[in-house]
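Structure at a glance
Letter by letter, the chains look like this.
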Amino acid sequence: MKENYIYIQPEQYEKANLLPIQNILHHGKMGEKKKIAALGASVSKGECVKEGYNYLHQIEQKWQMVFPGSETPEFINASQSGTFSANAMFLVDQLIEKKPDLVFLDFSVNDPGQYYLQESFEGLVHQLLEKGIYVCVLLFCNQNGHCTRGAMTRIAHYYHIPLLDIGSVVMKNIEEKRFAWEDYASDYVHPRIEGHEFIADNILFFFQEAWKEKEDMAYIMPQEPCFDGSLWQFEKLENLPYDETQNFEIKKYCSLLMIDFFQTPEKNDFKVEIWVDGEKRECLELYSEFSWNNRVVRMLLAEKTADWHQIRIQPVGQNEQIMESLKRMDIKLGIGCVWEDRLSSC
């Protein structure tokens, strides 16, 4: 840590229950190897820095200096560049299988604040906490200091989990001319190696401060959602069984409907239409010139009350490679139901 830099202050996480963090540190001091993960987008993935230099790796490298004699945790990076929290809803079960003790959630730069992303971020928090995995929300920012603070801050405070607004700390250092944006990041948002070190130092400082705090209350997860709870219970439909006409059709009771699919920069003309209640909602293309062989998520339905909806997926046109293209596109459906409606009908 640099003496002239400003770091995260305890008032940022004063609403959080720190006992789960203290338990992780305590078990580490007793020689037990814990697991700490990151689930986020390109900042947590470590875009624009060489492998081994993102903040998770730097925390691992500095752990013994900060907590000498403690067992260094296993660090798991489940982040994917260019994703929203809605993408992570389709991936989080894979991370849960690895049984991390703590997950850093980072979608503050990518999530633009739409209703379904607000619901998906809360859905992630709830799913992890429900499995006994503690959560810490990370807020980063772009060069103008902007990110999705409102909903994520409200969710963190509601669930009494730590929120580390590292973006605001970065901008505070810049305002006081302790360092410049160019010292932190290599472009409009992605930290350089020094920026990842600054993030790692802030997180380690948080761990040190959390260890000092007196926390006697066991963590209790709220029994009702912060917002609508549409994705508190998330149903994922994958490996869809297409019929002999290469269509897929299903009727579901839901208030929120998302679709997740693969895109490629390799040119092709394969398209798929998504119909909901007899209305065409989306035309998905397997090809995108801006793709880097990544998965994309789209919102098809977002309503305040749940109802029965007929969903149909059908390829556009006819060719001999439809089934092969459908397999490559690997369409998945994400289905959610407003919490109050789920209690009575779902």
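Refer to the structure presented above.
Residues numbered from 1 in each chain as written. Predicted model: local features only at pLDDT ≥ 70, side-chain atom pairs only at ≥ 80, totals over all residues. Heavy atoms only, no water.

Let's shift gears to the pairing of strand β10 (residues 295-315). Where strand β7 (residues 248-262) meets β10, 14 bridges bridge the pair, whose relative direction is antiparallel. Looking at β10, one finds that Glu249 is bridged to Arg312. Of the strand pairs in this sheet, strand β8 (residues 271-276) and β10 are connected by five bridges, and their pairing is antiparallel. Each residue of the ladder has a partner; that of Ile274, found in β10, is Ile313. (Pairing = 2+ DSSP bridges. Helix = DSSP H or I, 4+ residues; strand = E, 2+ residues; numbered from the N terminus.)

This paragraph deals with the pattern of salt bridges. Applying the stated criterion to the full structure yields 21 salt bridges. Put simply, Asp93, Lys236, Glu238 and Lys332 are held in one network by salt bridges that share partners. (Salt bridge = Lys/Arg side-chain N within 4 Å of Asp/Glu carboxyl O.)

A separate point is helix α7 (residues 150-159). Restricting attention to buried positions, one finds in α7 the residues Ala151, Met152, Ile155, Ala156 and Tyr159. The buried residues of α7 all sit within an arc of 130° when viewed along its axis, so they share a single face. Against α6 (115-130), β4 (134-139) and β5 (163-165) lie the buried residues of α7. Backbone geometry just downstream of α7 places His160 in the positive-phi region, at approximately 55°. (Buried < 20%, exposed > 50% of the residue type's maximum accessible area, 1.4 Å probe, protein only. Arc of directions from axis to C-beta. Contact = heavy atoms within 4.5 Å.)

Look at helix α8 (residues 166-175) against helix α10 (residues 193-212): their axes get within 11 Å of each other, and the N-to-C directions meet at 115°. Considering only the axes of α8 and α10, their crossing is right-handed. On the side of α8, the interface is formed by Ile166, Val169, Val170 and Asn173, while α10 contributes Phe198, Ile199, Asn202 and Ile203. When grouped by side-chain class, the residues that make up the contact of α8 with α10 number six nonpolar, two polar and no charged. (Axes fitted to C-alpha atoms, helices over the stretch in contact; angles between N-to-C directions. Left-handed = near helix turned anticlockwise from the far one by under 90°. Nonpolar A, V, L, I, M, F, W, Y, C, P; charged D, E, K, R; others polar.)

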